[in-house]
Amino acid sequence: MTYRILVVDDEEMVRSLACDALAGPDMEVRLAADGKQALEMMGEIDYDVLLTDATMPGMSGLDLLAECLHRHPDTIPIVFTGYATLTTARQAIREGAYDYILKPFDLEELRESVRRALERRNLLQEHTRLPESTGLFAVSVAS
């Protein structure tokens, strides 16, 4: 299985660093320079994880997070920022961010956060499929 990760940041170096840290045989990493481009890309294919900077020109990462969860509720969002405050951290978590990472981020911390987000997504998908499987099992037993 290949996971799809979308990294959104207005700084090319941050996008490139995140891509290099996450890319692998089971990870397809795509990059967007802003929220508008990210939404366009999310309209084309589904992503498992969204990594977004909180502070970007135009659409903020928190606005992108809210829009992502509205349009793609199965995507697990992670917010990172170089301008951390307790208020933005709380807001990101309240808005539905799975994790909140400070820049400059440690590459291992980033990989671990994405790994945990993918585990969460897999568990949520299994939870969604469980009633279907149980229903099919009940029908087959009744037959």
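Residues numbered from 1 in each chain as written. Predicted model: local features only at pLDDT ≥ 70, side-chain atom pairs only at ≥ 80, totals over all residues. Heavy atoms only, no water.

**Some points on the sheet that holds strand β1 (residues 3–8)**
So, point 1. Across the sheet, which stays open at both edges, the 5 strands sit in the order β2-β1-β3-β4-β5 with parallel pairing between neighbours. Both outer strands of the open sheet, β2 (27–32) and β5 (99–102), are each paired with one neighbouring strand and no more. Recorded for the sheet is a direction-independent mean angle of 20° between the axes of neighbouring strands.
So, point 2. Pairing of strand β4 (residues 76–81) with β5, which is carried by 4 bridges, proceeds in the parallel orientation. Bridging across to β5, valine 79 finds its partner in tyrosine 100.
So, point 3. The strands touched by helix α2 (residues 35–44) within the sheet are β1 and β2, with β2 carrying the most contacts at an inclination of about 140°.
So, point 4. Along the sheet face, helix α3 (residues 61–71) touches β1, β3 (49–53) and β4 and points at about 160° away from the line of β3. (Pairing = 2+ DSSP bridges. Helix = DSSP H or I, 4+ residues; strand = E, 2+ residues; numbered from the N terminus. Axes fitted to C-alpha atoms, helices over the stretch in contact; angles between N-to-C directions. Contact = heavy atoms within 4.5 Å.)

**Looking at the pairing of β2**
So, point 1. Note: β1 against β2, 6 bridges, orientation parallel. Paired with leucine 6 across the two strands is arginine 30, which belongs to β2.
So, point 2. Considered for its hand, the β-α-β crossover made up of β1, helix α1 (residues 12–22) and β2 is right-handed. (Right-handed = clockwise from strand over helix to strand, strands pointing away.)

**A look at the packing of α3 against helix α4 (residues 86–95)**
So, point 1. Running from N to C, α3 and α4 point in directions that differ by 10°, and their axes come no closer than 10 Å. On the basis of the axis angle, α3 is roughly parallel to α4. Packed against α3, whose contacting residues are Leu62, Leu65, Ala66 and Leu69, the element α4 presents Gln91, Ala92 and Glu95 at the interface.
So, point 2. By residue class, the composition of the contact of α3 with α4 is 5 nonpolar, 1 polar and 1 charged. (Parallel < 35°, antiparallel > 145°, perpendicular 65-115°, else oblique. Nonpolar A, V, L, I, M, F, W, Y, C, P; charged D, E, K, R; others polar.)

**Examining the side chain of aspartate 53**
So, point 1. Among the secondary structure elements, aspartate 53 is positioned in strand β3.
So, point 2. Residues contacting aspartate 53, with those up to four places away along its chain left out, are Val8, Asp9, Asp10, Gly61, Phe80, Thr81 and Lys103.

**Some words on the nonpolar core**
So, point 1. Judged by nonpolar contacts, the single largest core of 21 residues is most densely connected at Ile5, Val7, Leu22, Val49, Leu51, Leu110 and Val114.
So, point 2. Mapped by element, the contributors of at least two residues to this core are β1, α1, β2, β3, β4 and α5 (107–142).
So, point 3. The element best represented in this core is α1, accounting for 5 residues.
So, point 4. Contacts of leucine 51, omitting those with residues within four sequence positions, involve Ile5, Leu6, Val7, Val8, Leu22, Ile78, Phe80, Leu110 and Val114.
So, point 5. Of all hydrophobic cores here, the second largest spans 12 residues; its members include Val8, Ala38, Met42 and Tyr47. (Core = buried A, V, L, I, M, F, W, Y, C linked by side-chain atoms within 4.5 Å. Buried < 20%, exposed > 50% of the residue type's maximum accessible area, 1.4 Å probe, protein only.)

**Let's talk about α3**
Within an α-helix, residues lying three or four positions from one another point in the same direction, as the helix has 3.6 residues per turn.
So, point 1. Among all positions in α3, only Gly61, Leu62, Leu64, Leu65 and Cys68 are buried. Within α3, the buried residues cover an arc of 155° as seen down the axis, which keeps them to one side.
So, point 2. The inward-facing, buried residues of α3 abut β1, α2, β3, β4 and α4. (Arc of directions from axis to C-beta.)

**So, the environment of alanine 66**
So, point 1. Along the polypeptide, alanine 66 turns up in helix α3.
So, point 2. Assessed through its relative accessible area of 32%, alanine 66 is described here as partly exposed.

**Structural notes on a negative patch on the surface**
So, point 1. On the surface, Asp10, Asp34, Glu40 and Glu44 cluster together into a negatively charged patch.
So, point 2. As for its position among the elements, aspartate 34 is in the loop between β2 and α2.
So, point 3. Exposure remark for aspartate 34: the relative accessible area of 30% places this residue in the partly exposed category. (Patch = residues over 30% accessible without salt bridge, like charges linked within 9 Å, V, L, I, M, F, W, Y side chains within 5 Å. Areas by Shrake-Rupley, 256 points an atom, 1.4 Å probe, with all protein chains shown as cover. Salt bridge = Lys/Arg side-chain N within 4 Å of Asp/Glu carboxyl O. Lys, Arg positive; Asp, Glu negative; His and termini not counted. Charge placed at Lys NZ, Arg CZ, Asp CG, Glu CD.)

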